[in-house]
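Each chain, letter by letter, is given below.
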Amino acid sequence: MKRTVYSILFINVFFLYSLIHNAVGESTIFRSPVALAASNESGILYAAESGVNQIALIKLDDYSLCASIPLPAEPTGLALSPNGEFLYITCAASGGSVCILDTKKQRIVEAIPAGYGACSPVVSPDGQWLYVCNQFNNDVSIIDLQEKKEISRFPVIREPVSAVLTRDGQRLFVANHLPFGPSNADFIAAKVSVIDAAERKTIAEIALPNGSTSLRSLCLSPDGRYIFLTHILARFQMPTTQLDRGWMNTNALTIIDVEKTSILNTVLLDDIDLGAANPWGAACSADGAFLCIAHAGTHELSVIDAPALLQKLQAMPSRREDAPKTEYPAASKTAADVPNDLSFIAPFRRRIAIEALGPRELIAVGSKAITANYFSGDLSMIDIRPDGKKPTQNISLGPQPPITPARQGEINFHDASLCFQHWQSCSSCHPGGRSDGLNWDLLNDGVGNPKNTKSMLLTFETPPVMSEGVRTDAKAAVRSGIRHIQFSERPEADAAAIDEYLQAMKPLPSPYLVNGNLNEPAQRGEKIFFREDVGCAVCHNGPYFTNLQAYAVGTKGEFDKRSAFDTPALIELWRTAPYLHDGAAANLRDVFTAYNRNDQHGRTSRLTEREFSDLIEYLLSL
């Protein structure tokens, strides 16, 4: 009874909010499709539209829009029940939820609480269980679809954003968006968590190649033997002196052998002189003949001959002496060469330009791939057959308001076509405007002293910019980044628009808050933070918890040429690990123990264990 009452209240209150939200300020609300699902039985394509917070229903026979259904919050993912009767929609508010759409009645009939940043719903083959990635809780919800309630959660590594279930429903593979751990290590890479669905526990963690970050989408091959994963493969070990041949960021596809729970190999999706930036969605054709990948940064689709690629990878020798002779001397000789070979994918892949902006998620329907184009607010239908003659068809989801300066800046920030040879966009190192969790040796302060990627949030409010304050303000940093990181000369209007986007960015509430308020440990930690004998607030004060000054606090590393570093803002500290200018501290406890010599970085050595934990709880709540 309580669950039913909660669901009714949840639906009614938030539907009212959604309708009001969509009715006012319409000129600044953009259609931004983020997820797709298709039912061959009903002939309906479902598109989740962020911004306007609704589900669009489109007929598959003529791609005409037939209905729009409002949602209580921003949608992030879609999954159809095995019988097609229900569509499960994740909504990513701080109080995340799963809305259940009755596909026959075409209305929301239930709302089930989930976690913060709920996304990537996956239904078990028997239709009994729903698994939901809670990106900002760092865990996965298990929802009983018969009882219509969450029954448990299991933790994963960091920011789960995509999941797939094996065909037998026994193992769940979860992509963790970012690496976890100190970023001054020699090996830094995000991982895939493997969950035993019955035992509800992690049974393996698959480490991707060194430099793997910004994991996006997992896709299971139709025969269930392989999982395809899109991500960035960063070459963070190199000083950023050039972009040629993927010197900084390359764009990758990792193939996981399901039975062995191990990586078959990682293949680069770029060409030798043309990047394929920000690979996002992945989908296989039903017959397994093609693997399609949407490139959000270069606005195109890769269509890959999946059987031929797999056959080539399986045949790669592990020893160089077993490799056959090749006419091209730079070609991969062994399996270990493949992740560095920009020519390997060429025989198996076609690149198809899409006349739209920001294709992210996609699905394969028959001989077609359909992409959700985040920034142009429409869908694209592409014929993926090798002899396909039909041109790309754009599917309208409705009118878009005029582009605002901030929206144009957001487009520019994610657009790799502004970059030399299209290798990367601003978001390649700053996903969501935040950090990729890596150290980069940028040239703004000399060579040989790498620094951790900083979040772009509040950069305009907290000058100077960079860990050593070498840029006077964010405006200067934006223009320097275009020139020296993207190696491009762009009109001033492009940079000015990015300025607008960065200034419009808002912090997300911390997952440590309870109904928007500090919990009891955090309340105690707040008092400790402002105690004079602890001294945190001496430097970290004001609305953003920084006095905008640089200090030497004993954190100089072996590669640093200076000892004083900018006092960072503490807003959104919960999502910006690792910490310190060189990312040496994996967590806040390390900041105050391993990297607080002689209490130079706050007088914390005399705190009790409870006081210490309370202080960290407060900081993670900001």
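Coordinates for the structure precede this section.
K.L.:
It is not clear to me how the overall build of the protein should be interpreted in this structure. Could you clarify?
P.N.:
What the protein contains, in helices and strands, is ten helices and 33 strands. Relative to the compact-globule value of 25 Å for 622 residues, the protein shows a C-alpha radius of gyration of 24 Å, a close match. Along the three orthogonal principal directions, the C-alpha set of the protein runs to about 70 × 70 × 50 Å. Taking as baseline every contact in the protein between residues at least 6 positions apart, the subset at least 24 positions apart corresponds to 53%.

K.L.:
Would you mind showing me how to read the environment of Ala 474 here?
P.N.:
Inspection of the secondary structure assignment puts Ala 474 in helix H5 (residues 474–484). Excluding residues within four positions of it along the chain, Ala 474 makes contact with Thr 459, Phe 460 and Val 465.

K.L.:
I tried to follow the sheet that holds strand E16 (residues 201–207) on my own but got confused; where do I start?
P.N.:
Remark on secondary structure: sheet strands pair via backbone hydrogen bonds, oriented parallel or antiparallel. Judged by pairing direction, the sheet is antiparallel, and its four strands sit side by side in the order E13-E14-E15-E16 without closing on themselves. Looking along the sheet, the strands with just one partner apiece sit at the ends: strand E13 (160–165) and E16. Averaged over all adjacent pairs, the angle separating strand axes in this sheet is 25 degrees, with direction ignored. Alignment of strand E15 (residues 191–196) against E16, held across six bridges, turns out to be antiparallel.

K.L.:
How should the state of the cysteines be read in this particular structure?
P.N.:
One pass over the structure, following the stated rule, counts zero disulfides. The thiol sulfur of Cys 426 is not disulfide-bonded, and the nearest other cysteine sulfur, from Cys 419, lies at 8.9 Å.

K.L.:
Is there a simple way to think about the packing of H5 against helix H6 (residues 492–504) in this case?
P.N.:
In a pair of packed helices, the angle between the axes and the distance between the axes together describe the arrangement. At a closest axis distance of 10 Å, the pairing of H5 and H6 adopts a crossing angle of 130 degrees. Taken together, the axes of H5 and H6 are oblique relative to one another. Crossing angle aside, the handedness with which H5 passes H6 is right-handed. Of the residues in H6, those touching H5 at Lys 475, Val 478, Arg 479 and Ile 482 are Glu 492, Ala 495, Ala 496, Ile 498, Asp 499 and Leu 502. Of the residues assigned to the contact of H5 with H6, the class counts are six nonpolar, no polar and four charged.

K.L.:
Could you clarify how one ought to interpret the packing of helix H3 (residues 405–414) against H6 in this entry?
P.N.:
The interhelical angle for the contact between H3 and H6, taken along N-to-C directions, is 105 degrees, at an axis separation of 7 Å. Classified by the angle between their axes, H3 and H6 sit roughly perpendicular to one another. Within the contact between the two elements, H3 uses Pro 405, Ala 406, Gln 408, Gly 409, Glu 410, Asn 412, Phe 413 and His 414 and H6 uses Asp 494, Ala 497, Ile 498, Glu 500, Tyr 501, Leu 502 and Ala 504. Here the contact of H3 with H6 is built from residues that sort into eight nonpolar, four polar and three charged.

K.L.:
Would you mind going over the sheet that holds strand E24 (residues 300–305) with me for this structure?
P.N.:
Taken together, the four strands give an open sheet; going across it, the order is E22-E23-E24-E25, and neighbouring strands pair in antiparallel fashion. Unpaired on one side and paired on the other, strand E22 (279–284) and strand E25 (349–353) mark the two borders of the sheet. Taking each pair of neighbouring strands and ignoring which way they run, the sheet shows an average axis angle of 20 degrees. As defined by bridge partners, strand E23 (residues 290–295) adjoins E24 across six bridges and the pair is classed as antiparallel. Bridge pairing in E24 places His 295 opposite Glu 300. Here helix H2 (residues 306–315) sits on the sheet in contact with E23 and E24, set at roughly 60 degrees to E24.

K.L.:
In this structure, what is going on with empty space enclosed by the protein? I would like to understand it.
P.N.:
The rolling of a water-molecule-sized probe over the atoms marks out the regions of remaining empty space. For the structure shown, the criterion picks out one cavity of 30 Å³ or more. Every residue lining the largest cavity is counted, 17 residues in all, and those nearest its centre are Arg 216, Asn 278, Trp 280, Ala 296 and Ser 427. For the lining of the largest cavity, the secondary structure elements donating two or more residues are strand E19 (226–234), E22 and helix H4 (426–429). Taken together, the residues of the lining of the largest cavity sort by class into six nonpolar, nine polar and two charged.

K.L.:
What am I meant to see in the packing of aromatic side chains here?
P.N.:
Two descriptors summarise a pair of aromatic rings, namely the distance from one centre to the other and the angle between the planes of the rings. Scanning all chains against the criterion turns up ten aromatic pairs. A centroid spacing of 6.2 Å and a plane angle of 50 degrees characterise the contact between Phe 344 and Phe 348, whose relative ring orientation is tilted. In this pair, the class of Phe 344 matches that of Phe 348, namely buried. Ring geometry for Phe 529 and Phe 545: centres 5.9 Å apart, planes at 75 degrees, overall edge-to-face. In this pair, Phe 529 sits in helix H7 (residues 520–529) while Phe 545 sits in the loop between helix H8 (536–539) and strand E32 (550–551), placing the two residues 16 residues apart along the sequence. The exposure class assigned to Phe 545 is buried, which follows from its relative accessible area of 11%. The ring of Trp 129 has Arg 200 sitting right over it, with the charged end atom 5.3 Å from the ring centre.

What counts and what doesn't
- Note on numbering: residues in each chain are counted from 1, in written sequence order.
- Totals for whole chains, interfaces and linings use all residues, but because this is a predicted model, local features are given only for residues with pLDDT of at least 70 and pairs of side-chain atoms are given and counted only at 80 or more.
- Hydrogens and water are ignored here; the side-chain numbers use all heavy atoms of the structure.
- Here a helix means four or more residues in a row that DSSP labels H or I, a strand means two or more in a row labelled E, and each is numbered from the N terminus.
- The globule rule used for comparison is 2.2 Å times the number of residues to the exponent 0.38, while the radius of gyration itself is calculated over C-alpha atoms.
- The contact rule is simple, with two residues in contact once any of their heavy atoms fall within 4.5 Å.
- Pairing between strands is defined by DSSP: at least two bridges between them are needed.
- Simply put, an axis is a line fit to the C-alpha atoms, just over the touching stretch for a helix, and the angle between two N-to-C directions goes from 0 to 180 degrees.
- Criterion for a disulfide: a pair of cysteine sulfur atoms at a distance within 2.5 Å.
- Angles are sorted into four bins: roughly parallel if under 35 degrees, roughly antiparallel if over 145, roughly perpendicular if 65 to 115, and oblique for all others.
- What makes a crossing left-handed is the near helix being turned counterclockwise from the far one by less than a right angle; a clockwise turn instead makes it right-handed.
- Note on residue categories: nonpolar means Ala, Val, Leu, Ile, Met, Phe, Trp, Tyr, Cys or Pro, charged means Asp, Glu, Lys or Arg, and polar means any other residue, Gly included.
- Of the two site types, the cavity is a set of points on a 1 Å grid over the protein atoms alone where a 1.4 Å probe fits but cannot get out, and the pocket is an open set with protein on both sides within 12 Å along at least five of seven lines, each lined by residues with an atom within 4 Å of a point.
- Grid points are joined across faces, edges and corners, and a volume is the space filled by probe spheres set on the points.
- Only rings of Phe, Tyr and Trp enter the pairing, Trp through its six-membered ring, and a pair is recorded when the two centres are within 6.5 Å. The plane angle decides the type: under 30 degrees is stacked, over 60 is edge-to-face, the rest tilted.
- Exposure classes here rest on a 1.4 Å probe applied to the protein chains alone. A residue is buried below 20% of its type maximum, exposed above 50%, and partly exposed in between.
- The rule for a charge over a ring is simple: NZ of Lys or CZ of Arg within 6 Å of the ring centre, and within 35 degrees of the ring normal.

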